[in-house]
Amino acid sequence: MVSAPLVLWASNATRLAACAVAVVSGVAMGVYSHDDKDEAAAHTAAPVDVSVIRPEERNLTRIVKQPAFVEPYERTPIYPKLAAYVKKWHVENGVAVKRGQVLADLFVPAAEADRKAGEASGTVDEQKVDQAKWTLELATVGVQAAEADLRAAKDACLQCDAEVTRWEADMKRLRSETQPGAVDSQTVDPQTVASSENQLHASSVARDAAKASLAKAQAELESRQAALQENEFAVKVATQAAQAHLQIACSESNRALGSPGDLKLYAPFDGVVLSRNFGNGEFVMPAAGDMAADGREENGSVCGAAPACVIGRADVVRVFVDVPEHDARFVEVGTKATVLAETFCDQPIVATVTRILQSPSGKSGAVRAEIDLPNNVCGIPADLPLEEREALALVKMPPTDNQILPGMYAHGEVIIERPHVLTLPFSALSYVGNKVYCWSSEHGKAVRTEVQTGVTDGQYVEVLSHRQQRPQSASASSNLADQPADEVVARLDNGAAWSPFTGGEEVILGDVSSLTDGAPVQILTAVRDQEAHNQEAHGADTEMARVPTRPLH
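Rules used in this analysis
Throughout this document, residue positions are counted from 1 along each chain, in the order its sequence is written. Residue-level local features of this predicted model are given only where pLDDT is at least 70; pairs of side-chain atoms are given and counted only at 80 or more, and the full residue set underlies all totals for whole chains, interfaces and linings. Neither water nor hydrogens contribute to the side-chain values; these are computed over all heavy atoms in the structure. Note on patches: the residues involved have over 30% relative accessible area and no salt bridge, like charges join within 9 Å, and the nonpolar side chains Val, Leu, Ile, Met, Phe, Trp and Tyr join within 5 Å. Computed with the Shrake-Rupley method and a 1.4 Å probe, the accessible areas treat only the protein chains shown as cover for residues. For salt bridges, the criterion is a side-chain nitrogen of Lys or Arg within 4 Å of an Asp or Glu carboxyl oxygen. We count a stretch as a helix when DSSP gives it H or I for four or more residues in a row; a strand needs E for two or more, and each element gets its number in order from the N terminus. Exposure categories follow from relative accessible area, calculated using a 1.4 Å probe and restricted to protein chains: below 20% of the type maximum is buried, above 50% is exposed, and the middle band is partly exposed. By the convention used here, strands pair only if DSSP detects at least 2 bridges between them. To pair, rings of Phe, Tyr and Trp, with the six-membered ring standing in for Trp, must have centres within 6.5 Å; the planes then decide the type, stacked if under 30 degrees apart, edge-to-face if over 60, and tilted in the middle. Confidence of the prediction at every residue is given by pLDDT, a number between 0 and 100. The contact criterion used throughout is that any non-hydrogen atoms of two residues lie within 4.5 Å. Polar contacts, as used here, are pairs of N or O atoms within 3.5 Å; protein pairs need one atom able to donate a hydrogen and one able to accept it. Residues neighboring in sequence count only if both atoms are side-chain atoms.

K.L.:
I'd like a description of a nonpolar patch on the surface, backed by residues and values.
P.N.:
On the surface, a nonpolar cluster with roughly 260 Å² of combined accessible area is contributed by Y85, F283 and M285. Examined against the element boundaries, F283 turns out to sit in strand β9 (residues 283-284). On the basis of relative accessibility, which here comes to 37%, the residue F283 falls in the partly exposed class.

In structure tokens, the structure reads:
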């Protein structure tokens, strides 16, 4: 027998289970009935009255107006070759300079002392060489004196030989006269014979002394000649040593001080001093570290990589205009452009895009259009490439004597011309995120079509291609995470391919915000006569709208 509480609990549990089943069934029926209602509403709703239009061929002009900045054609930072101090500046900011002009003088205190010491050492070496040369001159004079003494000794020997020969002849004569049997033997005085013998002996002694003097003079000459050769060698060695010491001193001085040109800063070309980052007496260093670093930090202190000064070439300037990503693909070299620098002139300068550069940020997808402009007073420089000179020749400068200086504030306009392109009115397109759609009618139902667009002038939009994506079921998109990447891309694309516009497509015109994919539509008017549509759309002649774009940040 079952107790009453247990029966009551079982009854309640049964009721709760029944309620749960009813709730789940109701939710399922509610969802199903909601989907059925939407589908039924799509089939039973009253058709929306719409008009259709075909893409029309026309010439579009898109003007991209952006703030621009003016830079010199060339911008060169000037660094010293040595770590030194600024002795004296010869230029100021904004001053025009010529190629090779001295901008500043530098000095290195320690190197100056080394240079003076080297100069003093060179002076000592030069004095040693002078002393050796003076000794050489003395030796040369000594040799000349010895040669004179030798000649005098030779003359004395000759004279003594002559005296000896004379007295020998005289003694021979006297002996012949005093021999027995001689005719005049009784008349020869014995004292005369004795005197002649004494003279002969004295002459012989004098001759021997002269020969000794000659030998001495010969030895002295040889000694002086040896000393002369020794002094010549000493002069040669002293000269070579002095030259070697001078070269060593110059090398050490150049190593510490550099060549005379290293202590000066020169202008690399004709231009203008854009900035002078140091003053007289400040310490400057060669280029090191980040060459693109700013010259001064936030607190005003000078960075190690700051150049001594910056020279800009001002005969030609570059104007940079950042073109947004959507319009960048239609800008190329030769695209028309205008530049308005009110500080220079209140009239715009008509020019063309000289070159296309990637935007420095590299993240926005924009490109930087560069426009080269010549200065009025400078003319077109002859050292530029032919293509740039031809582009500069097409620039129309306003009649003024002012110059466009780097750093001026300007407004740039890049004029994008798209001739003979298919267009749709701006009201025929809808924008969802970064995608563009148009609506067409197929079998009485509205079909949303994704569109690739080009430029727009604010009233008409260039249409390039279109594609229709087929709807996917919930089960088809629920397990994408389990599929390979290429299959996922194919399934998301759902086989849709881009097709170019041909001009025969019929696009719904008007308020398309109320349309839904698959909703019934009824075409009231199909604008097939393009001439009639042109008259209706344009009406009276109106000025083409210029649509400025927001500046890039």
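K.L.:
Explain the sheet that holds β9 to me, and be specific about the residues and the numbers.
P.N.:
Ordered by their spatial adjacency, four strands build an open sheet running β7-β6-β4-β9, and the pairing between neighbours is antiparallel. Two strands in the sheet have a free side with no partner beyond their single neighbour: β7 (264-266) and β9. Taken together, the four bridges between strand β4 (residues 84-89) and strand β6 (residues 102-107) define a ladder with antiparallel strand orientation. Of the residues in β6, the one forming a bridge with V86 is L106.

K.L.:
Talk me through the sheet that holds strand β8 (residues 271-276); I want residue IDs and the actual numbers.
P.N.:
Spatially, the four strands line up as an open sheet ordered β3-β10-β8-β5, and their pairing is antiparallel. This sheet does not close on itself; its edge strands, each paired only once, are β3 (75-78) and β5 (96-97). Relative to strand β10 (residues 309-312), β3 runs antiparallel, the two being bridged by four bridges. Bridge pairing links R75 to G312 in β10.

K.L.:
Could you give an account of the packing of aromatic side chains, naming the residues involved and the relevant values?
P.N.:
Note on aromatic pairs: each is described by the distance of the centres and the angle between the planes. Inspection of the entire model under this criterion finds four aromatic pairs. Geometrically, the ring pair formed by F69 and F320 is stacked, given 5.2 Å between the ring centres and 25 degrees between the ring planes. Remark: F320 occurs in strand β11 (residues 316-323) and F69 occurs in strand β2 (residues 56-72); sequence separation between them is 251 residues. Looking at F69, the relative accessible area reads 30%, which means it is partly exposed.

K.L.:
Which residues make up the confidence of the model for the chain, and what values do they have?
P.N.:
Per-residue confidence for the chain gives a mean pLDDT of 75, with 71% of residues at or over 70. A low-confidence stretch, residues 1-40 (pLDDT under 50), is modelled with two contacts involving residues beyond four sequence positions or located in other chains. Confidence drops under pLDDT 50 across residues 292-302; counting only partners more than four residues distant or on other chains, this segment forms 12 contacts.

K.L.:
Provide a residue-level description of the environment of K445, including the pertinent values.
P.N.:
In this structure, K445 sits in strand β19 (residues 445-456). Sequence separation between K445 and P520 is 75 residues; the distance between their C-alpha atoms is 4.3 Å.

K.L.:
Kindly report on the side chain of R368, identifying the contributing residues and their values.
P.N.:
Examined against the element boundaries, R368 turns out to sit in strand β15 (residues 367-374). A distance of 2.9 Å separates polar atoms of two side chains, one belonging to R368 and the other to D322.

K.L.:
Tell me about the pattern of salt bridges, residues and numbers included.
P.N.:
Tallied over the full model, the rule gives 16 salt bridges. A salt bridge links E506 to R54; the shortest N-O distance between them is 3.8 Å. Residue E506 is located in the loop between β21 (499-500) and β22 (507-509), and its partner R54 is located in the loop between β1 (48-53) and β2; the two are separated by 452 residues in the primary sequence. The residue R313 makes a salt bridge to E74 at a minimum N-O spacing of 3.4 Å. With a gap of 239 residues between them, R313 in the loop between β10 and β11 and E74 in the loop between β2 and β3 connect regions that are remote in the sequence. A relative accessible area of 7% means that R313 is categorised as buried.

K.L.:
Tell me about the pairing of strand β18 (residues 435-442), and name the residues and values.
P.N.:
The sheet contact formed by strand β17 (residues 429-432) and β18 spans four bridges and is antiparallel. Across the sheet, S430 pairs through a bridge with Y437, a residue of β18. Of the pairings in the sheet, the one linking β18 to β19 comprises seven bridges and is antiparallel in character. The partner of S441 across the bridge, within β19, is A446. Here β18 folds back onto β19 in antiparallel fashion, the turn holding two residues, of which H443 has a positive phi close to 55 degrees.

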